[in-house]
Each structure stands twice: as structure tokens, then as C-alpha cells.
Amino acid sequence: MSFQVHWERDDYSRIPFHLYHDPAVYALEMERIFRGPCWSYLCMEAELPRLGDFRTTWVGDTPVVVSRDAQSGAIHAFVNRCSHRGAMIVRKTHGNAPEHVCIYHRWCYRTDGELTGIPFRRGLKGEGGMPADFDMAAASPQRLRIANVNGLLFGTFSAASEPIEQYLGEFGMGMIQRFFHKPVRILGYSRQLIGGNWKLYAENLRDTYHASLLHEFFVTYGVDRATQKGGVKMDARHRHNMNHAYTATDTQEEARAAYAGNAGVALDRMRLRDTKLLQHTPEFDDRMNLAAPTFFPNALVVQINHSLATRQIRPKGVDALEVFQTVFGYADDSDELTRHRLISANLVGPAGFVSMEDGEAIELIQKATASTTDETNIIEMGGRGAITDQAHRVTETPVRGFWSYWAELMGVEPPGGVR
């Protein structure tokens, strides 16, 4: 399938709303992006410490099992769909098993996904059974190629995908090495279901200036303000992006002046009796308190003060997505620091001080744009024209970068014929 998009501008500053609602576009995204040449984030190696450990995850809307081989310890990933009738093989989110058995007809699979057993394969008393030439190996679920980057596991369905080092580039590799420079410890999980198209959340992660307007907690208590030193960085093809900032690089007076007149933003309206949540001592050499690199198409690694987490985008149809968050710390963290990370984790997640607003805003967009076929949004904050890094965060430039790579993968002619 091929299709055309009518771009109103030549710089991705106008995105047609129908692209968030068209089931045919969604189906093509699953084929060309998530089952195409992209590397998608799966989970962390630290979640599979023992032989036979497994986790279920998703690549787009395709269910996937990631497991550590029960014999060799190698890590595998395969489609979580029984070759027989298509039932989901593994129903638990995680666990340990020497093999995986589908409940429907008890077809059995090794931890690497190979089909090894079929009840009544030879029939009973010379009757029934599978054809004599049935090839169990050929009928095994599709496997994914796996890449392990400092303990972060990525997978791809495509044999044509470039090496992970090229896909992430120096920028992406550097960001992963920043976060995963030593062994990690998994602290917990959260899931948030949002009634909106997956691209709206991908945009949200790249929209750097909404945070201090939508998330009143951030701006009130100085966690994230547009007046703080920071900026946005991207790789050369605009696939991956990072929003970053440094705490205590503005004053209350500067912030008050900058946000004066913004409805709903009142810096002096509230005070915290317990300020432990706000306490932050820089633990990285770059001294950033906010670092949020995104990796196309489905991943975010985020530091907010001492809260560390990955987030995975899981599309659930054209108008729904799940955000799956894994909160982590480091294996050598003290008990005191671990507790502080868990306290800091209250900033995010489905009941966090800031995440609920993102979900609400996305759902409002999805509802309000469903009836229009010819209108567009406006993505001009930060200027039009070239898609480049910015030494500030009052910009939507990375959102336009997202769409430039989306168009490339989807085979859509770019606006003006130039990416």
C-alpha cells in the first residue's frame, strides 16, 4: 500500500489530524515501522537474571516473549503467538519456565521459541495425527533479532535493519551509556492506558515546552521550568531526541516574571510540608537533573531528579496506547538512595504528579480531532525551517524531526521533496 499526505508547509510544521485516526495508516505503521527496519526497545537484561527467565512485551501491537535460554543462557525473542491456532502462548508478564506451553492444544515451545512438541502428533491407534511431512521447525513462531546495548535489549523483525550501533548513532549510544554505565536493579513497574494514537505520545515526549505549562507541580517547585538552563539534541536523521535541563539554574524571580500572565500557572500558590521529593544531589558527571532521551519508535529513558525509568510505547489500536514504565536504580545504591528513588518515582506513572496530565491532554486531542479530515495542527514553536538542535526548550522542533523520519519509513513524499 502507498499513500500520499498533503503537507500544507514544507517543514513538517502542519500535520493533518486524519493521520491520528486512519486505520489504514495505523496498519501501515505496524508493518513499515514496528515490523520494519527499526530497532524497538524490548526490556532490560536485568529483568532476566536466571536461566529460563522470561518477560512478555510488545513490538507495536505484536506480542513478544523475551527469554533467557534455559540451557545456554543466551537471550531470545519470538512472537508470542501459537503456530497452531494463533493463541497467545505465554500469558504471564514474567516468570521462569524450562519451556512454554499453549493452553489451547498444548503445543510446546522451547525458551528460544522453537516448536518441540505436539500432542497426538502421530495420532491414536493409527488414526488422525499430523501429516508425516509436517516440519515443526518451519512452523515455529517468528523470531526477532536481538541487540544488547549496555543491558538495554532491542529487537527487530527485519533482516535489513542496520547494526544497532548505526541505528542509535553516536548520540543514542552515548545516552544509553550515560544511564547504563553500571549494573542496574529493577525497582518496579507501572502501566498507563491512554485513549489516544501512539504518535501523540511520541510527540509529547519530544515536545519540550509543555512540561512547565501543563505540569503545575514541575514549575511550582522548580523541577522543570523553561527558564532553567537546558536544551534539545537530536541525531542527524532526527530519529532520536533528548530533552535536558539543569536544576537551580534560574531564580524564583526569573520564573515568576517568565510565567506571569500564563493562566493556571501560579508559582506561589502551594508549598510542600515534606520536601524530600524535591531533594536532588547531582549523581551524573553532566549534573543534569532532567534527562529524557527518546529512541524511535517506542522508547524513552528518563531521569527526573533521582527517579530513573524506561518507558515503552505499546500501541493498542488506532486510538489507544499503553505506556509501560520500568523504574530502576543501580545495584550499588545504598538503601537510603533506593528509598529516595522510590519516593521520587511518585512524580511519574499513572497516578504520578505529572503523568496524568499527559494522558488527559492526549485524550482531549484524540476526541476533538476525530471529526475532521482536512484540518492540521500547528508545530511552529521554536521556528520553522531547518530541524536542528536548540540551546533552549521553548521549541517543538524535535516533533517535526519525528515526522520527518516517520515519512521516510512510511514511503511518504516529504513536504517540498526535501527531508
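Nothing here was measured: the structure is a model prediction, and the numbers come from that model.

Asker: What's the story with the pattern of salt bridges in this structure? I'm lost.
Answerer: Two side chains with opposite charge may pair up if their charged atoms get near one another. Under the defined criterion, the tally for this structure stands at 22 salt bridges. A salt bridge links R143 to D112; its shortest N-O distance comes to 3.9 Å. Within this pair, whereas R143 is found in the loop between strand 8 (115-117) and strand 9 (145-149), its partner D112 is found in the loop between strand 7 (108-110) and strand 8, the two being separated by 31 residues in sequence. Residue class for R143 comes out partly exposed when judged on its relative accessible area of 40%. E283 is the partner of R341 in a salt bridge, and the nearest nitrogen-oxygen pair spans 2.8 Å. In this pair, R341 is assigned in helix 7 (residues 335-344) and E283 in the loop between helix 6 (252-259) and strand 14 (290-295), connecting sequence segments 58 residues apart. R341 sits in the buried class, given a relative accessible area of 1%. Overlapping salt bridges bring together R9, R14, E380 and R384 as one network.

Asker: Would you take a moment to explain the packing of aromatic side chains for this structure?
Answerer: Any pair of aromatic rings gets described here by the distance separating the centres and the angle formed by the planes. Enumeration according to the criterion identifies 14 aromatic pairs in this entry. Aromatic pair W7 and Y12: ring centres 5.1 Å apart, planes at 75 degrees, arrangement edge-to-face. The two residues W7 and Y12 agree in class, both being buried. Note on W107 and F134: the rings are 6.2 Å apart at their centroids and 70 degrees apart in plane angle, and the pair reads as edge-to-face. Linking W107 in the loop between strand 6 (99-101) and strand 7 with F134 in the loop between strand 8 and strand 9, this pair joins segments that are 27 residues apart in sequence. For F134, a relative accessible area of 22% puts it in the partly exposed group. A network of ring pairs unites the aromatic residues Y20, F34, W198, F296, F402, W403, Y405 and W406 as a single cluster. Here the basic side chain of R178 rests over the ring of F284, its NZ or CZ set 3.8 Å away from the ring centre. A cation over a ring is seen here: K229 above Y246, with NZ or CZ 5.2 Å from the ring centre.

Asker: Any chance you could explain unusual backbone geometry here in plain terms?
Answerer: A negative phi angle is the norm for most residues apart from glycine, just as the trans form is the norm for most peptide bonds. Between F296 and the following residue, P297, the backbone shows a cis peptide bond with an omega angle of 5 degrees. Its identity is not glycine, yet R106 carries a phi of approximately 65 degrees, on the positive side. Within the fold, R106 resides in the loop between strand 6 and strand 7. With a phi angle near 55 degrees, N150 is a residue other than glycine that sits in the positive phi range.

Asker: Any chance you could explain the side chain of E203 here in plain terms?
Answerer: Mapped onto the fold, E203 is located in helix 3 (residues 198-206). One buried charged residue, E203, remains without a salt bridge, the closest side chain of opposite sign being K199 at 8.1 Å. Leaving out residues up to four positions away in the same chain, E203 has contacts with Y20, N377, I379, V399 and W403.

Asker: Is there a simple way to think about the sheet that holds strand 17 (residues 321-330) in this case?
Answerer: Paired through backbone hydrogen bonds, the strands of a sheet run either parallel or antiparallel to each other. In space, the 7 strands of this open sheet follow the order 11-17-16-15-14-13-12, with antiparallel pairing throughout. Of all the strands in the sheet, just strand 11 (184-194) and strand 12 (230-234) have a single pairing partner and so form its edges. Going from strand to strand, the sheet's axes swing by 15 degrees on average, the running direction of each strand aside. Relative to strand 13 (residues 241-245), strand 12 runs antiparallel, the two sharing 5 bridges. When the sheet's bridge partners are listed, M234 is paired in strand 13 with N241. In the packing of helix 2 (residues 164-179) onto the sheet, the strands contacted are strand 12, strand 13, strand 14, strand 15 (299-304), strand 16 (307-315) and strand 17, and the crossing angle to strand 14 comes to about 135 degrees.

Reading the values: rules and limits
Residues numbered from 1 in each chain as written. Predicted model: local features only at pLDDT ≥ 70, side-chain atom pairs only at ≥ 80, totals over all residues. Heavy atoms only, no water. Salt bridge = Lys/Arg side-chain N within 4 Å of Asp/Glu carboxyl O. Helix = DSSP H or I, 4+ residues; strand = E, 2+ residues; numbered from the N terminus. Buried < 20%, exposed > 50% of the residue type's maximum accessible area, 1.4 Å probe, protein only. Phe/Tyr/Trp six-rings, centres within 6.5 Å; stacked < 30°, edge-to-face > 60°. Lys NZ or Arg CZ within 6 Å of the ring centre and 35° of its normal. Lys, Arg positive; Asp, Glu negative; His and termini not counted. Contact = heavy atoms within 4.5 Å. Pairing = 2+ DSSP bridges. Axes fitted to C-alpha atoms, helices over the stretch in contact; angles between N-to-C directions.

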